[in-house]
Amino acid sequence: MPESSDEVDRIVDAWERERPDLDFAPLLVLSRVDRLSKHLDRARRGAFGRSDLQSWEFDVLSALRRAGAPFQLSPKALLTQTLVSSGTMTNRIDRLVERGLVERQTDPNDGRGILVRMTAQGMARVDAAITRLVDAEAELLRTLAPGDRTRLAALLRKLSLDFD
């Protein structure tokens, strides 16, 4: 076992002792990704919660924010970016309208269509949330040097391309 070991090292070491016929190398990577995912989830919930947002609300508002001024998208574009069903998106838009974070407007280019536009309150919430999120995620990565972060990002991108 390495000089500095973690719980994954201990788990894999025990498995290797009990099942020497198996290659546990994938667990050394993906068990750590899974554990880090749980820390990331907690950090995100905290960042969003301090901005009085749920994770799904942040997803919708951040899609609108990234769209740039005038911070509006069609429900179909929101569906594409958030990967939820049409019914789910309608429900989410309704709930965000009730909270005053977005509003529906008639699409000036298509009188039958609508656009979802972020309100000033929605903008303030999503901007606060993304600032908190970036800070929380930077804290999770604090032990990595900038070059290590860059290499890790490249490796994770390479791994995720097959899934996206």
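Taking an unreviewed UniProt entry as the reference, the chain is identified by name as MarR family transcriptional regulator belonging to Humibacter ginsenosidimutans.

(A) Structural view of the domain arrangement of the chain. Here the domain parsing of the chain yields domain 1 (7–51 + 127–161) and domain 2 (55–119). One C-alpha centre belongs to domain 1, the other to domain 2, and the line joining them spans 31 Å.

(B) Up close: the pattern of salt bridges. Inspection of every chain in the model, using the stated rule, returns 16 salt bridges. The closest approach of N and O atoms between Arg-10 and Glu-7, which form a salt bridge, is 3.2 Å. A residue pair is termed a helical-turn pair when its members lie 3 or 4 positions apart in one helix, as Arg-10 and Glu-7 do in helix H1 (residues 7–18) at three residues. Classification of Arg-10 as partly exposed rests on a relative accessible area of 39%. Note that Glu-57 is salt-bridged to Arg-99, the shortest N-O span being 2.6 Å. Of this pair, Glu-57 sits in helix H3 (residues 55–66) while Arg-99 sits in the loop between helix H5 (86–98) and strand E2 (102–107), and the two are 42 residues apart along the sequence. In this structure Arg-99 comes out as partly exposed when scored by relative accessible area, which is 30%. Each of Asp-52, Glu-57, Arg-99 and Arg-125 takes part in one network of salt bridges that share partners.

Conventions used here
Residues numbered from 1 in each chain as written. Predicted model: local features only at pLDDT ≥ 70, side-chain atom pairs only at ≥ 80, totals over all residues. Heavy atoms only, no water. Domains from an automatic or database assignment. Salt bridge = Lys/Arg side-chain N within 4 Å of Asp/Glu carboxyl O. Helix = DSSP H or I, 4+ residues; strand = E, 2+ residues; numbered from the N terminus. Buried < 20%, exposed > 50% of the residue type's maximum accessible area, 1.4 Å probe, protein only.

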